[in-house]
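What follows is each chain in one-letter form.
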Amino acid sequence: MTALSILNVKEFMNILLRTDTFDGFLLSEGSITTYMTFVLDGHPMPDFFSPEDQPYKQISQEPYVPFSLVRPACFDLIKGRRTPSSFKFVFQLSRENLMRTLSSIDASLSPDDVSGMYLNLIYQNQQLTCTTGVSRHLFSMDKSLEHAWDELVKRFLKTHKIPFEPLV
């Protein structure tokens, strides 16, 4: 696990809410506090869509909703003159991205060994923190997957020109 401080909150929010940069992640949970707290439960409700609808396939095959479907609603809740008091987003890799990530880091693990690879965004007291995490089905002393995920997240942020610094 690594903890990073995002240095330019305003620019980050622009990237998060107005671009597709984070659309490849699933939103497992979240909350946004403005004049009240809005709680986001990322569990999909596939019955809401019919099989002909474009989002149906996306949400019927994953345990959580893709952020791309939630992003416009989050933007609507956050936009305006006032900054939210706080927010929290817990992102998880989709199964497809999990498989791609495991193969890119040459991990000996199968996707069934990993419960999830997470990226947490927490904004409070005018500070935005990004933390990473990996959840496995079985305990292991080998932390190479966790370290590789930490480095991939840092590379992701650098690629998208999101300045950060490690928290001690």
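Anything mentioned here points back to the structure above.
Note that the coordinates shown come from a computational prediction; the quantities given were computed from them, not determined experimentally. (Residues numbered from 1 in each chain as written. Predicted model: local features only at pLDDT ≥ 70, side-chain atom pairs only at ≥ 80, totals over all residues. Heavy atoms only, no water.)

Draft legend 1. Just the overall build of the protein, in detail. If you tally the helices and strands in the protein, you get 5 helices and 8 strands. Helices and strands in the protein line up, N terminus first, as β-α-β-β-α-β-α-β-α-β-β-α-β. Along the three orthogonal principal directions, the C-alpha set of the protein runs to about 50 × 45 × 25 Å. Put simply, the protein has 168 residues, and 44% of those count as buried. The long-range fraction of contacts in the protein, counting pairs at least 24 apart against all pairs at least 6 apart in sequence, stands at 63%. Split by element, the accessible area of the protein, about 10100 Å² in all, is 52% carbon and sulfur. Positive and negative side-chain charges of the protein, numbering 16 and 19 respectively, have mean locations separated by a distance of 9 Å. (Helix = DSSP H or I, 4+ residues; strand = E, 2+ residues; numbered from the N terminus. Buried < 20%, exposed > 50% of the residue type's maximum accessible area, 1.4 Å probe, protein only. Contact = heavy atoms within 4.5 Å. Areas by Shrake-Rupley, 256 points an atom, 1.4 Å probe, with all protein chains shown as cover. Lys, Arg positive; Asp, Glu negative; His and termini not counted. Charge placed at Lys NZ, Arg CZ, Asp CG, Glu CD.)

Draft legend 2. Inspection of the environment of methionine 45 at higher detail. With respect to the helices, strands and loops of the structure, methionine 45 is situated in the loop between strand E3 (37-41) and helix H2 (54-60). Between the alpha carbons of methionine 45 and phenylalanine 139 there is a distance of 32 Å; along the sequence they are 94 residues apart.

Draft legend 3. Spatial organisation of the pattern of salt bridges. One pass over the structure, following the stated rule, counts 7 salt bridges. Put simply, aspartate 23 and arginine 71 hold a salt bridge, and the shortest N to O gap is 2.8 Å. With a gap of 48 residues between them, aspartate 23 in the loop between helix H1 (9-18) and strand E2 (25-33) and arginine 71 in helix H3 (residues 67-78) connect regions that are remote in the sequence. For the pair shown, aspartate 23 and arginine 71 are each scored as buried. (Salt bridge = Lys/Arg side-chain N within 4 Å of Asp/Glu carboxyl O.)

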